[in-house]
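# What the coordinates show
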Amino acid sequence: MLKHVVKMRPEDNVAIAVHDLHIGDKITGDIVANAEIPQAHKIALTNLTKGQPVLRYGVILGYAKEDIHAGDWINETSLELPPSPDLSKLTYGENIKKDLPKPDRTTFMGYEVPGNQYSGTRNILGIQTTVQCVVGVLKVAVDQIKAELLPKYPNVDDVVVVSHAYGCGVAIDAPEAKFPIREIKNIMKNPNFGGQLMVIGLGCEKLTPNRIMEAEDINDDNLLFLQNFKGFEKMILAIRQMAEKKLAILNTHTRTEQPLSKLSVGFQCGGSDAFSGVTGNPAAGYASDLLVAAGGTAMFSEVTEVRDGVNFIAQRIPDQPNCNKLVKEMSWYDNYLAKGGVDRSANPTPGNRKGGLSTIVEKSMGSIAKSGTAPISQVVSAGEIPTKRGLIFNATPAGDFTCGPMQLASGMGLEVFVTGRGTPYNLEAAPVIKVCTRTDLKEFWQDLIDVNAGKIATGELSVKELGTELFNFIVDVASGEKPAAERLKLFNDIVIFNPAPMT
Ligand code: CA
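Residues numbered from 1 in each chain as written. Predicted model: local features only at pLDDT ≥ 70, side-chain atom pairs only at ≥ 80, totals over all residues.

### Comments concerning the overall build of the protein chain
Looking only at helices and strands, the protein chain has 15 helices and 22 strands in total. Over its C-alpha trace the protein chain gives a radius of gyration of 24 Å, about what one expects of a compact globule, namely 23 Å for 503 residues. With the C-alpha coordinates aligned to their principal axes, the bounding extent of the protein chain is approximately 80 × 45 × 40 Å. Looking at the 503 residues of the protein chain, the share that counts as buried comes to 52%. Across the protein chain, contacts joining residues at least 24 apart in sequence account for 73% of those joining residues at least 6 apart. (Helix = DSSP H or I, 4+ residues; strand = E, 2+ residues; numbered from the N terminus. Rg over C-alpha atoms; globule rule 2.2 N^0.38 Å. Buried ≥ 20, exposed ≤ 12 C-beta atoms within 10 Å, placed from the backbone. Contact = placed C-beta atoms within 7 Å.)

See below:
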């Protein structure tokens, strides 16, 4: 018989409903549901008096606002939030796991990029922009390039414009301008762009090429300004000519066997529910451990979603400098939110709450599960390129289409995206594998979801089995297999994070 509820740790006093529970349903032992409890929501396993802690993952999600009886429904209205972990009291190195699971596969079929620490999973012509003003002209040119030129270069997968709202009307020397500038600069170094640079500027923008290109790359082969061309037709011709030269080079690139140490995979979640931390994220975490054991790089991110479990992250950092960096990144974000007049109560989102996530603590514990158990080899700022392999904490915002492009800037060849509520999110420059947390969602969105981790909740598969299946799919997608959203060409905009002032 399939299970009614999932309990994470022996000390937990709540469990998650595997399916909708009705009044009178026998749950476990003498416990009977006292309310209509939606799927993924929490049911009390013991009586609790007002002020007592509610435990899931062995962690305090919050304190009971009123007396609670065994069998009651517990949701966001039932709990008082505990304080956030104190950043000045973090301790590191207390949970360093050495015995990671052993992967069967250690290579993938990818594109080697000379001078790049990572190999590509796709062979794409990326066209970077210095300012939004050029995007209209560029889109016309790219439509022509895709229709008329791309078919002549069959080894090239696609032509992708990295457009953004940055470049002009911005405080270019503001301290926080380093975020968008670093991100725009590093995205072009993504291995899926094959080491080719093509940058289109206007001619009067503040984001000048020297801010995003190396001095030796600033030349007519890689860069043009629309204001230098006499009229629209000449602009289009110049863009086409530059693109054709780049396409001819990219067309000589072919897939060869690459060690997994040259693969970087971003892990993210969005539209999370209470199953995320039980099924999808632990499976992603197992796959992440396999990738790290194979010498590869796994990045996890989303500062606001891990902030309330930051002490668990710190314990997996072996050294003081990276722990200090973690504190610095978290403090920056605390201040950023405070300056904006918001706090952590903006999370969980309405969709998360509907999905049974009652507090940011509960969401954090689920989110961190996707980082597996490996030690954290490096903490990097948003959009920075890691210098180490292994598990990386990449301190980006949590919004899906902000986090994803930042992971692109940090070198990911593909992304694993775990969703509970469902989102069609995808990126044009790197394939996104969609993992759902519930079997109902897989059945509802059969054609949008790649991997169903809901089988873990029902007891059909273990975290290890599902995580191994996901790891194998990661290697297949890195080698060219297309996940659902790539087949359907669902491409979100690249949204560049800009915390600096606009002028
Ligand atoms: Ca996210």
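### Thoughts on unusual backbone geometry
One non-glycine residue, Ala 40, adopts positive backbone phi at about 80°. Along the polypeptide, Ala 40 turns up in the loop between β4 (31-32) and β5 (42-44). In this structure, Glu 302 is a non-glycine residue whose phi angle is positive, near 65°. Within the secondary structure, Glu 302 is located in the loop between β17 (297-300) and α6 (303-306).

### Quick look at the packing of helix α2 (residues 178-187) against helix α11 (residues 400-409)
In the contact formed by α2 and α11, the axes pass within 7 Å of each other and the chain directions differ by 60°. When the interaxial angle is binned, α2 and α11 end up oblique. Considering the relative orientation of α2 and α11, their crossing is left-handed. Contacts from Glu 183, Asn 186 and Ile 187 of α2 reach α11 at Pro 405, Met 406, Leu 408 and Ala 409. Class assignment for the residues of the contact of α2 with α11 results in five nonpolar, one polar and one charged. (Axes fitted to C-alpha atoms, helices over the stretch in contact; angles between N-to-C directions. Parallel < 35°, antiparallel > 145°, perpendicular 65-115°, else oblique. Left-handed = near helix turned anticlockwise from the far one by under 90°. Nonpolar A, V, L, I, M, F, W, Y, C, P; charged D, E, K, R; others polar.)

### Observations concerning the environment of Ser 84
Within the secondary structure layout, Ser 84 lies in the loop between β9 (79-80) and β10 (107-110). Exposure remark for Ser 84: the 18 C-beta atoms within 10 Å place this residue in the partly exposed category. In this structure, the C-alpha to C-alpha distance between Ser 84 and Val 278, residues 194 residues apart in sequence, is 23 Å.

### Quick notes on the sheet that holds strand β19 (residues 390-395)
In space, the seven strands of this open sheet follow the order β18-β19-β17-β16-β20-β21-β22, with parallel pairing throughout. The sheet terminates laterally at β18 (376-381) and β22 (451-452), the two strands that pair on one side only. Along the sheet, α11 contacts β16 (264-270), β17, β19 and β20 (414-419); its crossing angle with β16, the most-contacted strand, is approximately 175°. (Pairing = 2+ DSSP bridges.)

### So, the nonpolar core
The biggest cluster of nonpolar side chains holds 145 residues, and the ones touching the most others in it are Ile 43, Ala 287, Leu 291, Val 416, Val 435 and Ile 474. Residue contacts for Ala 287: discarding those within four places in its chain leaves Val 416, Gly 467, Leu 470, Phe 471 and Ile 474. (Core = buried A, V, L, I, M, F, W, Y, C linked by C-beta atoms within 7 Å.)

### With respect to the sheet that holds strand β13 (residues 199-201)
Ordered in space as β12-β11-β13-β14, the four strands form an open sheet in which the pairing is parallel. Strands with a single pairing partner mark the edges of an open sheet, and in this sheet they are β12 (158-162) and β14 (223-225). Here the average twist between neighbouring strands, direction ignored, is 20°. As paired strands, strand β11 (residues 124-129) and β12 are joined by five bridges and run parallel to one another. Bridge pairing in β12 links Leu 125 to Val 159. Strand contacts of helix α1 (residues 135-149): β11, β12 and β13, with the helix running at about 175° to β12, the strand carrying the most contacts.

### Digging into the domain arrangement of the protein chain
Domain annotation for the protein chain reports domain 1 (1-83), domain 2 (110-250) and domain 3 (264-487). Distance between the C-alpha centres of domain 1 and domain 3: 25 Å. If you look at the interface, domain 1 gives 22 residues, while domain 3 gives 16 residues. (Domains from an automatic or database assignment.)

### Details of helix α8 (residues 320-339)
An α-helix turns once per 3.6 residues; consequently, residues spaced three or four apart project the same way. In this model α8 runs 28 Å from its N-terminal to its C-terminal C-alpha over 20 residues, within 8% of the 28 Å that 1.5 Å per residue would give. On its buried side, α8 packs onto α6, α7 (310-314), β18 and β19. Once α8 ends, the next one or two residues include Gly 341, with phi positive near 75°. (Expected span 1.5 Å × (residues − 1).)

### Some remarks on the packing of α1 against helix α4 (residues 232-250)
Two packed helices can be described by the angle between their axes and the distance between those axes. The N-to-C vectors of α1 and α4 enclose an angle of 50°; their axes lie 9 Å apart at closest approach. When the axis of α1 is compared with that of α4, the two are oblique. Crossing handedness for the pair α1 and α4: right-handed. In this structure, α1 contributes Val 137, Leu 138, Val 140, Ala 141, Gln 144, Ile 145 and Leu 149 to the contact, and α4 contributes Phe 232, Met 235, Ile 236, Ile 239, Arg 240, Ala 243, Glu 244 and Leu 247.

### Examining the environment of Ser 272
One can find Ser 272 in the loop between β16 and α5 (280-293). For the pair formed by Ser 272 and Ile 145, sequence separation is 127 residues and the distance between their alpha carbons is 38 Å. Residue contacts for Ser 272: discarding those within four places in its chain leaves Asn 352, Gly 355, Leu 357, Lys 363, Gly 366 and Gly 420.

### With respect to α2
The buried fraction of α2 amounts to seven of the ten residues, a majority that puts the element mostly inside the structure. Against the buried residues of α2 lie β11, β12, α3 (209-212) and α11.

### Quick look at the environment of Val 463
Structurally, Val 463 is set in helix α14 (residues 463-478). Overall, Val 463 belongs to the partly exposed group, with 18 C-beta atoms counted inside 10 Å. Measuring from C-alpha to C-alpha, the distance between Val 463 and Ile 376 comes to 21 Å, with 87 residues separating the pair along the chain. Setting aside residues up to four positions removed in sequence, Val 463 forms contacts with Pro 282, Ala 283, Tyr 286 and Ile 456.

### Brief notes about the pairing of β16
Of all seven residues that make up β16, seven are buried, and the element is covered over most of its length. Residues of β16 alternate between two faces, with Ser 264, Gly 266, Gln 268 and Gly 270 on one and Val 265, Phe 267 and Cys 269 on the opposite face, all of them buried. Examined bridge by bridge, β16 and β17 share four bridges and lie parallel to one another. Paired with Val 265 across the two strands is Ala 298, which belongs to β17.

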